[in-house]
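Each chain, letter by letter, is given below.
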Amino acid sequence: MSSSRVQPDQLLERKAVISGIGQSAVGRRLGRSDLDLTVEAALVAIADAGLTRDDIDGLSTYPGMGMGPGGFAGPAGPDVQDALRLKLNWHDGGGEGAGQMRAVMAACLAVAAGLARHVLVYRTVTESSAQGKGGRQALGGMGMGGSGSGPPRMTGFMQWTIPFGAVSAVNWLAQVARRRMYEFGLTREQLAQIALNGRRNASLNPLAIFREPLTMEDYLAARMISTPLCLFDCDVPCDGSTALIVSHVDYAPDAPRSVAHVNAIGTALRGRPSWDQFDDMTTMAARDAAASMWERTDLTPADVDVAELYDGFSILTMVWLEELGFCGKGESGPFVEGGSRIALDGVLPLNTSGGQLSAGRLHGFGFLHEACLQLRGEAGDRQVPGGPEVAAVANGGGPIAGSMLLTRNPG
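Here is a short report on the structure shown in this document.

**Quick word on the overall build of the chain**
(1) Moving on: Counting secondary structure elements, the chain contains 13 helices and 13 strands.
(2) Moving on: Against the compact-globule benchmark of 22 Å for 411 residues, the chain has a radius of gyration of 20 Å, which places it among compact chains.
(3) Moving on: Overall size of the chain, expressed as C-alpha extent along the three principal axes, is 55 × 55 × 45 Å.
(4) Moving on: Put simply, the chain has 411 residues, and 58% of those count as buried.
(5) Moving on: Here the chain has roughly 16300 Å² of accessible surface; of this, 52% comes from carbon and sulfur atoms.
(6) Moving on: Between the averaged position of the 34 positive side-chain charges in the chain and that of its 43 negative side-chain charges there is a distance of 4 Å.

Pasting the structure below:
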């Protein structure tokens, strides 16, 4: 395992900035097509960057090509290119890589290499509409093979988990939460602080799905989904699209708004690429992504002013807090206890838009959008006081993880 610090002149990501951001309408069961939502978000982001469609010469998305269960993938890149009449020098899409942010990371490297100058990056979900009025599907397309009307034939790791009733990520990550309770004494009351903090912040976000108060009593009384994770530990399916414009850093002086500079990215996966066979079941790929990110910067966890950390399930945020070095190993429970440290006026404002537990599951890209708003000072009632200079963003869970440091000023 390499732990040597990368030299600054080798940091290609620092040649990239996020020059524009945009979101479509976000809501439950909007009944709009994924392409419609994507075009809306893309046009907002392009205008926000002070550009036109003729300026966009790159396109990147995650995961693309209809991958995953209904409503998960968003429109394919060629469909978006055609709808916006883009003339591209570079394009990319795919589901393998350092979490959902792989699309942004690829765009950063593309502009650094001179393959494109302004890349439109988007992530779109219509999972709420696809779900309909029922609950979430318990069994998706991951790891399934076969055809016909009979039971699907499982391949890959799911052939070993399905017979034991572990059919989805909530089951696999419940094992991480349970192990952390055993190893470190994590309590449900501590875990609840991720949901409670998110709901407090969502109450200040007019676009959040759930804004009504949430109490500890509400949390503890909620139905269990996969012990010890309850309903409020799980993110909220929604419809919406988030778009970003990744530009070469030399565009920053001409951009009409403050850009977010990419200081460092974290992409490593040094352990086993497995949900259930990682070498340390109290952590996940976040450990490696975070380590590789800090190897690429002189910044430290103490420099971070705001953290937007993935909360597909609340336990993921707890793991990210530790692996990014905001507290010691096994100390995330005491760190969040009472909620004051992670509040908007705390030492580490966390998931300031409400996160996916309350604002809606935009599959990680909502955190990038929020980090840019915070660095610009444009987050409204939920703006972190004092003018944040450094934001940490993390996406993913299990064997899928990536992280990024964004700064108001160049590195």
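**Notes on the environment of G240**
(1) Moving on: Note that G240 resides in strand β9 (residues 239–248).
(2) Moving on: Judged by relative accessible area, which is 0%, G240 ranks as buried.
(3) Moving on: Setting aside residues no more than four positions away along its own chain, G240 makes contact with S24, A25, V26, L37, R123, T124, V125 and L362.

**A short note on the side chain of T161**
(1) Moving on: By secondary structure assignment, the location of T161 is in helix α5 (residues 158–161).
(2) Moving on: Classification of T161 by relative accessible area gives buried; the value is 6%.
(3) Moving on: When neighbours within four sequence positions are excluded, T161 is seen to be in contact with A166, W172 and D276.

**Observations regarding the pattern of salt bridges**
(1) Moving on: A complete count under the given rule lists 22 salt bridges for this structure.
(2) Moving on: Salt-bridge contacts for E127 lead to R361; the nearest nitrogen and oxygen are separated by 2.7 Å. Taken together, the residues E127 in helix α4 (residues 127–131) and R361 in the loop between α12 (355–358) and α13 (365–376) connect sequence positions 234 residues apart.
(3) Moving on: Between E212 and R199 there is a salt bridge, with the nearest N and O atoms lying 3.9 Å from each other. Taken together, the positions of E212 in the loop between α7 (188–202) and α8 (216–221) and R199 in helix α7 put the pair 13 residues apart, joining distant regions of the chain.
(4) Moving on: Under the relative-accessibility criterion, E212 is labelled partly exposed at 44%.

Criteria and cut-off values
All residue numbers refer to position in the chain's written sequence, counted from 1. The predicted nature of this model means local features are confined to residues of pLDDT at least 70 and side-chain atom pairs, given and counted, to a pLDDT of 80 or more, with totals for whole chains, interfaces and linings taken over all residues. With hydrogens and water excluded, all non-hydrogen atoms of the structure serve as input to the side-chain values. Strands here mean DSSP runs of E at least two residues long; helices mean DSSP runs of H or I at least four residues long; both are numbered from the N terminus. Computation of the radius of gyration draws on C-alpha atoms alone. For the globule rule, the value is 2.2 Å times the number of residues to the power 0.38. Three exposure classes are used, based on accessible area relative to the maximum for each residue type with a 1.4 Å probe and protein chains only: buried under 20%, partly exposed in between, and exposed over 50%. Accessible surface is estimated by sampling points in the Shrake-Rupley manner with a 1.4 Å probe; for residues, cover comes only from the protein chains shown. Charge counting follows a simple rule: Lys and Arg are positive, Asp and Glu are negative, and His as well as the terminal groups are ignored. Charged side chains are reduced to one point each, which is NZ for Lys, CZ for Arg, CG for Asp and CD for Glu. Only heavy atoms enter the contact rule, under which two residues are in contact if any of them lie within 4.5 Å. For this document, the term salt bridge refers to a Lys or Arg side-chain nitrogen within 4 Å of an Asp or Glu carboxyl oxygen.

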